[in-house]
Amino acid sequence: IADGYKTKIGHELWLADGLQKDAVQNSWDARIDKKHGNYWGCGFSLINFGNEKSLCIQDKGTTGLNGSKFYTQDELGEILSRNEPGEDLAYFLNSNWSAKSSSEGGNRGRGKTLFLAGSKEKRIYFDSLRNSDGSYIFGELYLDNDKQVKFKLFYDDLGKQKIRELSNNQIL
């Protein structure tokens, strides 16, 4: 996937270009005001996360990672097999499923794997305040030793505790 981006973009800053495009596209697709995009925004910054400088992508005016709460790959597969709308968290965590129609751009949801390619540790962290139920989620998406993309999810107070631990209390 990363090689495909590198070939299509065709300049030395292809990774930054691709990351920016996919982050903004994902955020725009999740905007609450679908007609005008009012109160929507997406920004980039460098933050200290633990002992490393990390790219932070923040958006506002978006729905959050709504849908069923789950913890395991089997539960994820069950949710995806139902192919129902509104399962944003499930679609976000799996590259082979998307809520978009086959004619829409980004319909396979593969762009998030570019974020893994941009990480030294092949690991990204994400958090979301879900518009559907007001709950908080913190998660980790990573490429495991067996070359499979895996995830860990933490909800509400456990999620807040996990992000505080990983950021050495820099993010509260």
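Look a little higher up for the structure.
Here, residues in each chain are numbered from 1, in the same order as that chain's written sequence. Totals for whole chains, interfaces and linings use all residues, but because this is a predicted model, local features are given only for residues with pLDDT of at least 70 and pairs of side-chain atoms are given and counted only at 80 or more. Water and hydrogen atoms play no part in the side-chain values, which are based on all heavy atoms of the structure.

Student: Pulling in residues and values, what's your account of the overall build of the protein chain?
Tutor: Here a strand is any run of E in DSSP of at least two residues, a helix any run of H or I of at least four, and the numbering for each starts at the N terminus. A count of helices and strands for the protein chain gives six helices and five strands. Each principal axis of the C-alpha distribution contributes one length, and for the protein chain these read about 45 × 40 × 40 Å. Counting over 172 residues, the protein chain shows a buried share of 35%. Look at the contacts in the protein chain between residues 6 or more apart in sequence, and 40% of them connect residues 24 or more apart. Accessible surface area values rest on a Shrake-Rupley calculation with a 1.4 Å probe, where residue burial reflects the displayed protein chains alone. Approximately 10700 Å² of the protein chain is accessible, and the part contributed by carbon and sulfur atoms is 48%. Counting rule for charge: Lys and Arg are taken as positive, Asp and Glu as negative, and neither His nor the chain ends is counted. All charge positions are set by atom: Lys at NZ, Arg at CZ, Asp at CG, Glu at CD. Between the averaged position of the 24 positive side-chain charges in the protein chain and that of its 24 negative side-chain charges there is a distance of 3 Å. Summary of the burial criterion: residues with accessible area below 20% of their type's maximum are buried, those above 50% are exposed, and those between are partly exposed, where the area comes from a 1.4 Å probe applied to protein chains only. Note on contacts: a residue pair qualifies if any of its non-hydrogen atoms lie within 4.5 Å across the two residues.

Student: Before we move on, can you summarise the nonpolar core with the specific residues and values?
Tutor: Ranked by internal contacts, the top residues of the largest apolar core, which has 24 residues, are Phe70, Leu76, Leu89, Leu93, Phe126, Phe151 and Leu153. The biggest single contributor to this core is helix α4 (residues 88-93), with five residues. Only buried Ala, Val, Leu, Ile, Met, Phe, Trp, Tyr and Cys residues count toward a nonpolar core, and they belong to the same one when joined by side-chain atoms within 4.5 Å. Counting residues in each nonpolar core, the second largest holds five residues, with Phe49, Phe138, Phe154 and Ile163 among its members.

Student: Describe the sheet that holds strand β3 (residues 123-129), and please don't skip the residues or the numbers.
Tutor: To summarise the sheet geometry, strands pair through backbone hydrogen bonds and adopt either a parallel or an antiparallel arrangement. Any two strands are treated as partners once DSSP identifies two or more bridges connecting them. Pairing in this open sheet of three strands is antiparallel, and the strands run β3-β4-β5 from one edge to the other. The sheet terminates laterally at β3 and β5 (149-155), the two strands that pair on one side only. Adjacent strand axes in the sheet meet at a mean angle of 15°, parallel and antiparallel pairs treated alike. Pairing geometry for β3 and strand β4 (residues 136-143), over seven bridges, is antiparallel. In the strand pairing of β4, serine 128 is matched with isoleucine 137. As a rule, the C-alpha atoms of each element are fitted with a line to give its axis, helices using only the stretch in contact, and angles between N-to-C directions run from 0 to 180 degrees.

Student: Let's hear about the packing of aromatic side chains: which residues, and what values?
Tutor: Under the pairing criterion, centres of Phe, Tyr and Trp rings, with the six-membered ring standing for Trp, must be within 6.5 Å; the plane angle then separates stacked pairs below 30 degrees from edge-to-face pairs above 60, leaving the rest tilted. Using the criterion set out here, one finds seven aromatic pairs in the structure. An angle of 85° between the planes, with centres 5.0 Å apart, marks the rings of tryptophan 28 and tryptophan 40 as edge-to-face. Of this pair, tryptophan 28 sits in helix α2 (residues 14-29) while tryptophan 40 sits in the loop between α2 and β1 (41-49), placing them 12 residues apart in sequence. Look at tryptophan 28 and you get partly exposed, because its relative accessible area is 33%. Arranged with centres 6.4 Å apart and planes meeting at 35°, the rings of phenylalanine 138 and phenylalanine 154 form a pair that is tilted. Remark: phenylalanine 154 occurs in strand β5 and phenylalanine 138 occurs in strand β4; sequence separation between them is 16 residues. Accessibility classification places phenylalanine 138 together with phenylalanine 154 in one group, the buried group.

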